Amino acid sequence: DVKVTQSSRYLVKRTGEKVFLECVQDMDHENMFWYRQDPGLGLRLIYFSYDVKMKEKGDIPEGYSVSREKKERFSLILESASTNQTSMYLCASSFETRPLHFGNGTRLTVT
Amino acid sequence: QKEVEQNSGPLSVPEGAIASLNCTYSDQGSQSFFWYRQYSGKSPELIMFIYSNGDKEDGRFTAQLNKASQYVSLLIRDSQPSDSATYLCAFYNNNDMRFGAGTRLTVKP
């Protein structure tokens, strides 16, 4: 079974802090994704990566950056956290155009 | 136009009934379509995927795809209270997966 692990289930950060969300998958998938989910807005794609050191912007990349130095790890970075980045963050991975496998999510609160 | 539109909810059906969830998509080149179920506070989990026109059945679930109409649906037969969740349809847009906003289903005992 594919396992996608997000480092934190809940995080509370202050406005202006630099925040790192980590995601690790164990199935050698080349594709990895970061989404945020807000009530009424569904899942919105922030960034995705289809290979090591490769990244593509999704629909809402502003205020975020990503890092993929190793195939199994995809990090989401909030350069300077703001209250409007309070959300549920979901990491996922996939092989080619096969189904996505999701992590358990990180609920981030920025105060 | 949104890339993925789902029928607005919430949808409520009695236990044992058929629940019908619908989705339209804008990208005519899409080849892969997915239905995910998401319980409150949990991550989405895959229910079904479909690549070809027609029907695909898996237990109580049937996915239907009509590429000409850019339409995909999910039927849940003999609905159970445990099916109460938000259902998300999704498809690949080039290399990334796009999701609808979801339809919240409640199955009443």
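Anything mentioned here points back to the structure above.
Residues numbered from 1 in each chain as written. Chains lettered and ligands numbered in written order. Predicted model: local features only at pLDDT ≥ 70, side-chain atom pairs only at ≥ 80, totals over all residues. Heavy atoms only, no water.

S.K.: Before we go on, may I ask you to explain the overall build of chain B in this structure?
M.R.: A tally of regular secondary structure across chain B gives zero helices and 11 strands. Its C-alpha radius of gyration of 13 Å places chain B within 12% of the 13 Å reference for a compact globule of 109 residues. Each of the three principal axes of chain B carries a C-alpha extent, and together these read 40 × 30 × 20 Å. The buried share of chain B, taken over its 109 residues, is 44%. Here the analysis covers contacts within chain B between residues at least 6 apart in sequence; of these, 51% occur between residues at least 24 apart. Carbon and sulfur atoms make up 46% of the accessible area of chain B, which amounts to about 5,200 Å² in all. Between the centroid of the 10 positive side chains of chain B and the centroid of its 11 negative side chains there is a distance of 4 Å. (Helix = DSSP H or I, 4+ residues; strand = E, 2+ residues; numbered from the N terminus. Rg over C-alpha atoms; globule rule 2.2 N^0.38 Å. Buried < 20%, exposed > 50% of the residue type's maximum accessible area, 1.4 Å probe, protein only. Contact = heavy atoms within 4.5 Å. Areas by Shrake-Rupley, 256 points an atom, 1.4 Å probe, with all protein chains shown as cover. Lys, Arg positive; Asp, Glu negative; His and termini not counted. Charge placed at Lys NZ, Arg CZ, Asp CG, Glu CD.)

S.K.: Any chance you could explain the sheet that holds strand 3 (residues 19-25) of chain B here in plain terms?
M.R.: In any sheet, the strands associate via hydrogen bonds between backbone groups, in a parallel or an antiparallel arrangement. Residue and element names in this part refer to chain B. Overall, antiparallel pairing links the five strands, which are arranged 1-3-8-7-6 in an open sheet. The two strands at the open ends of the sheet, each matched to only one other strand, are strand 1 (4-6) and strand 6 (54-58). Pairs of neighbouring strands in the sheet enclose a mean axial angle of 15°, with direction left out of account. Inspection of the sheet shows strand 6 paired to strand 7 (residues 61-66) by five bridges, in the antiparallel sense. Looking across to strand 7, one finds that Asp 55 is bridged to Gln 64. (Pairing = 2+ DSSP bridges. Axes fitted to C-alpha atoms, helices over the stretch in contact; angles between N-to-C directions.)

S.K.: What am I meant to see in the sheet that holds strand 1 (residues 4-6) of chain A here?
M.R.: Residue and element names in this part refer to chain A. Read across the open sheet, the four strands follow the order 1-3-8-7; overall the sheet is antiparallel. Pairing within the sheet leaves two strands with one partner each, and these edge strands are strand 1 and strand 7 (64-70). Strand-to-strand twist across the sheet, computed as the mean angle between neighbouring axes with direction ignored, equals 20°. One ladder, built from three bridges, connects strand 1 with strand 3 (residues 19-25); its direction is antiparallel. The partner of Gln 6 across the bridge, within strand 3, is Cys 23.

S.K.: Help me out: how do you make sense of the side chain of B:Ser73 in this one?
M.R.: Relative to the helices and strands, B:Ser73 is located in strand 8 (residues 71-76). Residue contacts for B:Ser73: discarding those within four places in its chain leaves B:Leu21, B:Asn22, B:Trp35, B:Thr62, B:Ala63 and B:Gln64.

S.K.: What is the right way to read the interface of chain A and chain B from this model?
M.R.: In many analyses, interface size is given as the accessible surface area lost on bringing the parts together. Each partner contributes residues to the interface: chain A has 20 residues there, and chain B has 19 residues. Summed over both partners, the interface of chain A with chain B buries about 1,500 Å², with 55% contributed by carbon and sulfur atoms. Applying the counting rule to chain A against chain B returns one salt bridge. The residue B:Arg98 makes a salt bridge to A:Asp59 at a minimum N-O spacing of 2.8 Å. Inspection of the chain A/chain B interface yields nine residue pairs in polar contact (both at pLDDT 80 or more). Those elements that place two or more of their residues in the side of chain A that touches chain B are strand 4 (31-38), strand 5 (42-49) and strand 9 (87-94) of chain A. Per element, the largest residue contribution to the side of chain A that touches chain B is four residues, and it comes from strand 5 of chain A. For the side of chain A that touches chain B, the residue count by class is nine nonpolar, seven polar and four charged. (Buried area = accessible area lost by both parts, 1.4 Å probe. Salt bridge = Lys/Arg side-chain N within 4 Å of Asp/Glu carboxyl O. Polar contact = N/O pair within 3.5 Å; in protein donor to acceptor, adjacent residues only side chain to side chain. Nonpolar A, V, L, I, M, F, W, Y, C, P; charged D, E, K, R; others polar.)

S.K.: Honestly, the state of the cysteines in this entry has me stumped. Any pointers?
M.R.: Linking two cysteines covalently through their sulfur atoms gives a disulfide. All names here are of chain A. If you walk through the whole model with that rule in mind, you get two disulfides over all chains. Here Cys 23 engages in a disulfide with Cys 91; their sulfurs sit 1.9 Å apart. Since a negative S-S torsion denotes a left-handed disulfide, the Cys 23-Cys 91 link at about -80° is left-handed. Residue Cys 23 is found in strand 3, and its partner Cys 91 is found in strand 9; the two are separated by 68 residues along the sequence. For Cys 23, a relative accessible area of 0% gives the class buried. (Disulfide = S-S within 2.5 Å.)

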